[in-house]
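A look at the structure
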Amino acid sequence: MKRTSVGTVVGAAVLTAGAIVGSSYVSLPAVAVVTGALAVLAAIGWPAILRVPARKSQSTAIGLSALLAVVLAATVPGSSFLAWFPASVALGVGAIFMIQLLRGTGQSHRLESTFGASSGVVAVCMGSGWVAAERLGINATDSGVLLVTGVSVLVGILACLLPFPDRLTAPIAVVLAGLAGPLGALLFTDVRPLAAAVVGLACGAVLAGTRRLLVGREAPLGVLAAVSAGVTPVLALGAVVYFLDRLFLS
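First, a word on scope: everything that follows refers to the structure included in this document. Everything quoted here is computed from the prediction, not taken from an experiment.

Further remarks concern helix α4 (residues 85-103). The end-to-end C-alpha separation of α4 is 28 Å, in line with the 27 Å expected for 19 residues at 1.5 Å each. Considered for burial, the residues of α4 that qualify are F85, S88, V89, G92, I96, I99, Q100 and R103. On an axial view of α4, the arc spanned by its buried residues comes to 115°, and they lie on one face. Along α4, the residues that are exposed and aim more than 90 degrees away from the buried face are P86, L91, L101 and L102. On its buried face, α4 is in contact with α3 (55-75), α5 (110-125) and α6 (128-135).

Shown next, in the form of structure tokens:
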């Protein structure tokens, strides 16, 4: 990628992580609003990353399904805050298929559009996990786990900037993000170091995988595509963080 694209992607990722963690110290509605806005931003740029036709309609399908997932994660009663996540994804994917059917036969890039936009639905909807994680009891008072996660994400992003081959950069990013988690837990919160390390490793793995996809891309990224490329992986970490928090800390 061009250096300007790299700067946009990294800046978008850092700002996304900062906005989510910062809003968690305000209120649950603040997290929901910030996450919803970021989901819309990611949805607008996702078809531009794929360079496929019917971008407006597919962006609309991705964005609306993600907003539905965020609203349900913030309001659903009970203890399973992502219970309606599969339904939101199913509606979004169904809308993508319907868009391709309405385009008619013989249209260009139908297969790429269908699979690419469907993956965007899943990734962006996973951002609702940040809202669900904020509703967990461990985050209800001081959002310590989200702060530790934010530290791991930041370190993982910076590690992905190392000018080394992927076979070196990927493990370095995973290890450093994994170490940043427990270190941040010991310095700033009372989160158990082991749980923080697991969350950090997961964050590093997702970010390293995203770096590999972007580095291997030959075509340059436009501004909207670069912003989406930075926002989407951080959003996707939301569901990962939620399930790991429930597994290790609830």
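This next bit is on the pattern of salt bridges. Counted under the stated rule, the structure contains two salt bridges. Here R211 makes a salt bridge to D166, at a shortest N to O gap of 2.2 Å. Within this pair, whereas R211 is found in helix α9 (residues 193-215), its partner D166 is found in helix α8 (residues 166-188), the two being separated by 45 residues in sequence. Residue R211 is classed as buried on the basis of its relative accessible area, which comes to 15%. Overall, D166 belongs to the partly exposed group, its relative accessible area being 23%. Between D166 and R212 there is a salt bridge; the shortest N-O distance is 3.2 Å.

Right, let's get into the packing of α6 against helix α10 (residues 223-248). Contact geometry for α6 and α10: axes closest at 6 Å, N-to-C directions at 35°. The two elements α6 and α10 cross, and the hand of that crossing is left-handed. Contact residues: α6 offers G129, W130, A132 and A133, while α10 offers V234, L235, L237, G238, A239, V241, Y242 and D245. Of the residues belonging to the contact of α6 with α10, the class tally is nine nonpolar, two polar and one charged.

Right, let's get into the nonpolar core. Membership of the largest hydrophobic core comes to 65 residues, with the highest contact counts inside it found for V153 and L235. Per element, the largest residue contribution to this core is 13 residues, and it comes from α10. When sequence neighbours within four positions are dropped, the list of residues in contact with L235 reads I20, T35, L38, A39, A42, A123, V124, M126, G127 and W130. With seven residues, the next largest nonpolar core counts A185, V191, A196 and L249 among its residues.

Conventions we followed
Residues numbered from 1 in each chain as written. Predicted model: local features only at pLDDT ≥ 70, side-chain atom pairs only at ≥ 80, totals over all residues. Heavy atoms only, no water. Helix = DSSP H or I, 4+ residues; strand = E, 2+ residues; numbered from the N terminus. Expected span 1.5 Å × (residues − 1). Buried < 20%, exposed > 50% of the residue type's maximum accessible area, 1.4 Å probe, protein only. Arc of directions from axis to C-beta. Contact = heavy atoms within 4.5 Å. Salt bridge = Lys/Arg side-chain N within 4 Å of Asp/Glu carboxyl O. Axes fitted to C-alpha atoms, helices over the stretch in contact; angles between N-to-C directions. Left-handed = near helix turned anticlockwise from the far one by under 90°. Nonpolar A, V, L, I, M, F, W, Y, C, P; charged D, E, K, R; others polar. Core = buried A, V, L, I, M, F, W, Y, C linked by side-chain atoms within 4.5 Å.

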